[in-house]
Amino acid sequence: VQLVESGGGLVQPGGSLRLSCAASGFTFSSYAMNWYRQAPGKERELVATVTSAGGSTNYADSVKGRFTISRDNTKKTVLLQMNSLKPEDTAVYYCNVRYRWRDYWGQGTQVTVSS
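This text gives an overview of the structure that appears in the document. Just so you know, these numbers come straight off a predicted model, no measurement behind them.

Re the sheet that holds strand 7 (residues 67–72)
Point 1. One open sheet holds the four strands; their spatial order is 1-3-8-7, and the pairing between them is antiparallel. Since the sheet does not close on itself, it has two edges, and those belong to strand 1 (2–6) and strand 7, each with one partner. Averaged over neighbouring strand pairs, the angle between their axes works out to 15° when direction is ignored.
Point 2. The pairing of strand 1 with strand 3 (residues 17–24) spans five bridges and is classified as antiparallel. Residue pairing for strand 3: glutamate 5 is matched across the bridge by cysteine 21.

Put into structure tokens, the structure is as follows:
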């Protein structure tokens, strides 16, 4: 299983970023996918989840209405569109899949929201 994130960077408050995660090594269309984040000195937290077919999503209260998770099963990618970014969204963002009862993680991509 391999997960590779991209799309992070530095953005001003109120700005937008789109994160992408390319997956390989498992039957992508059969598994729910997640985005997590970890800010300095804090525990890793679940940000958003999309079901295997993409028909259902779930979000942390802190990002509801601002972030959108989606997936493309033909391209084996999962996206996180982040709008109206706030300084408290600054963190390393990780793509995650629970495959055969084990969690797999990408290397993470840094998102910094600062003026």
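Re the pattern of salt bridges
Point 1. Counted by the stated rule, this structure contains five salt bridges.
Point 2. Here aspartate 89 and arginine 37 are joined by a salt bridge, their closest N and O atoms 2.9 Å apart. Note that aspartate 89 is positioned in the loop between strand 8 (77–82) and strand 9 (91–99) and arginine 37 in strand 4 (residues 33–38), a separation of 52 residues in sequence. The two residues aspartate 89 and arginine 37 agree in class, both being buried.
Point 3. We note a salt bridge from arginine 98 to aspartate 103, for which the minimum N-O separation is 2.6 Å.
Point 4. Residues joined in a network through salt bridges with shared partners are Arg37, Glu45, Arg66 and Asp89.

A closer look at the side chain of glutamate 5
Point 1. Following the sequence through the fold, glutamate 5 ends up in strand 1.
Point 2. One buried charged residue, glutamate 5, remains without a salt bridge, the closest side chain of opposite sign being arginine 44 at 7.6 Å.
Point 3. A distance of 3.0 Å separates a polar side-chain atom of glutamate 5 from the backbone nitrogen of glutamine 107.
Point 4. For glutamate 5, the side chain forms a polar contact with the main-chain nitrogen of glycine 108, separated by 2.9 Å.

Observations regarding the state of the cysteines
Point 1. Under the defined criterion, the tally for this structure stands at one disulfide.
Point 2. Each disulfide pairs two cysteine sulfurs, and for cysteine 21 the partner residue is cysteine 95, the sulfurs being separated by 2.2 Å. The S-S bond linking cysteine 21 to cysteine 95 shows a torsion near -80°; that makes this disulfide left-handed. Within this pair, whereas cysteine 21 is found in strand 3, its partner cysteine 95 is found in strand 9, the two being separated by 74 residues in sequence. For the pair cysteine 21 and cysteine 95, one class covers both residues: buried.

About the cut-offs
- Residues numbered from 1 in each chain as written.
- Predicted model: local features only at pLDDT ≥ 70, side-chain atom pairs only at ≥ 80, totals over all residues.
- Heavy atoms only, no water.
- Pairing = 2+ DSSP bridges.
- Helix = DSSP H or I, 4+ residues; strand = E, 2+ residues; numbered from the N terminus.
- Axes fitted to C-alpha atoms, helices over the stretch in contact; angles between N-to-C directions.
- Salt bridge = Lys/Arg side-chain N within 4 Å of Asp/Glu carboxyl O.
- Buried < 20%, exposed > 50% of the residue type's maximum accessible area, 1.4 Å probe, protein only.
- Lys, Arg positive; Asp, Glu negative; His and termini not counted.
- Polar contact = N/O pair within 3.5 Å; in protein donor to acceptor, adjacent residues only side chain to side chain.
- Disulfide = S-S within 2.5 Å.

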